[in-house]
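# Results of the structural survey
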Amino acid sequence: MLRINDDAPNFTADTSQGKINFHEWIGDSWAILFSHPKDFTPVCTTELGYMAGLQPEFEKRNTKIIGLSVDPVGSHSKWATDIEETQGHKVRFPMIGDPELKIAKLYDMLPAEAGETCEGRTATNNATVRTVFVIGPDKKIKLMLSYPMSTGRNFDEVLRVVDAMQLSAKHKVGTPVNWKSGDDVIILPSVSDEEAKQKYPAGWKAPRPYLRIVPQPK
């Protein structure tokens, strides 16, 4: 079972933009891998269209987007036409073809006994292939979100989480409940008071010794 902070499994696969080695494709960027149980499914069509519209925001954050469906790449290209026509955004990120279910199994979204082909499988058979993985430049899994087929994913939340994780990585701060960019943040417990005084000479609010609140670093 994959967990947060595990290495993201590497793979080589065909995509709608050519063959890639996943880790090489990520490079020094952050990455979002989000999966779909089947092409031409209604909820996923809306999701792919929305992510296509959000792509410039992720690019500002040095974050690449890549989709995955167990269908072949040729099917993805036809689906992309439907997505653009119905959702108003052209899909410019790559879509991985996984017709042998290898990547779905590698990422623990399908069991080993699921077979070796997407032929004859329905979206219901692949219901567990509905996960968002956020992967850091260190190629470690930073976040996993799994959704049922009937519920559209909230990609504004994924954008918010990327902001929070990048802020934490740079400044050693945590983000409180319902945090939005620009809100106050929390100094992590791993940062001593002495170290915190160097970074925040104006001090901080501390309703409890372990709860040190400061404005979001610039």
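Above this text is the structure in question.
A brief report on the enclosed structure follows. Remember, predicted model here, so these are calculated numbers, not experimental data. (Residues numbered from 1 in each chain as written. Predicted model: local features only at pLDDT ≥ 70, side-chain atom pairs only at ≥ 80, totals over all residues. Heavy atoms only, no water.)

A word on the packing of helix α2 (residues 42–60) against helix α3 (residues 73–87). Viewed as axis vectors pointing N to C, α2 and α3 meet at an angle of 75°, and their least axial separation amounts to 9 Å. Looking at the two axes, α2 sits roughly perpendicular to α3. Here α2 contributes Cys44, Thr45, Thr46, Leu48 and Gly49 to the contact with α3, which in turn contributes Trp79, Ile83, Thr86 and Gln87. When grouped by side-chain class, the residues that make up the contact of α2 with α3 number four nonpolar, five polar and no charged. (Axes fitted to C-alpha atoms, helices over the stretch in contact; angles between N-to-C directions. Helix = DSSP H or I, 4+ residues; strand = E, 2+ residues; numbered from the N terminus. Parallel < 35°, antiparallel > 145°, perpendicular 65-115°, else oblique. Contact = heavy atoms within 4.5 Å. Nonpolar A, V, L, I, M, F, W, Y, C, P; charged D, E, K, R; others polar.)

Here we come to the packing of aromatic side chains. All chains considered together, the criterion is met by seven aromatic pairs. On the basis of an interplanar angle of 80° and a centroid distance of 6.2 Å, the ring pair of Phe11 and Tyr107 is categorised as edge-to-face. Of this pair, Phe11 sits in the segment before β1 (12–15) while Tyr107 sits in the loop between α4 (102–106) and β6 (131–135), placing them 96 residues apart in sequence. Grouping residues by exposure puts Phe11 and Tyr107 together as buried. For the pair Tyr107 and Phe133, a centre-to-centre distance of 5.0 Å together with 70° between the ring planes defines the contact as edge-to-face. Of this pair, Tyr107 sits in the loop between α4 and β6 while Phe133 is found in strand β6, placing the two residues 26 residues apart along the sequence. Each of the two residues, Tyr107 as well as Phe133, counts as buried. Every member of this aromatic cluster is reached through a ring pair, and the members are Phe11, Phe22, Trp25, Tyr107 and Phe133. Against the face of Trp25 rests Lys64, its NZ or CZ located 5.3 Å from the ring centre. (Phe/Tyr/Trp six-rings, centres within 6.5 Å; stacked < 30°, edge-to-face > 60°. Buried < 20%, exposed > 50% of the residue type's maximum accessible area, 1.4 Å probe, protein only. Lys NZ or Arg CZ within 6 Å of the ring centre and 35° of its normal.)

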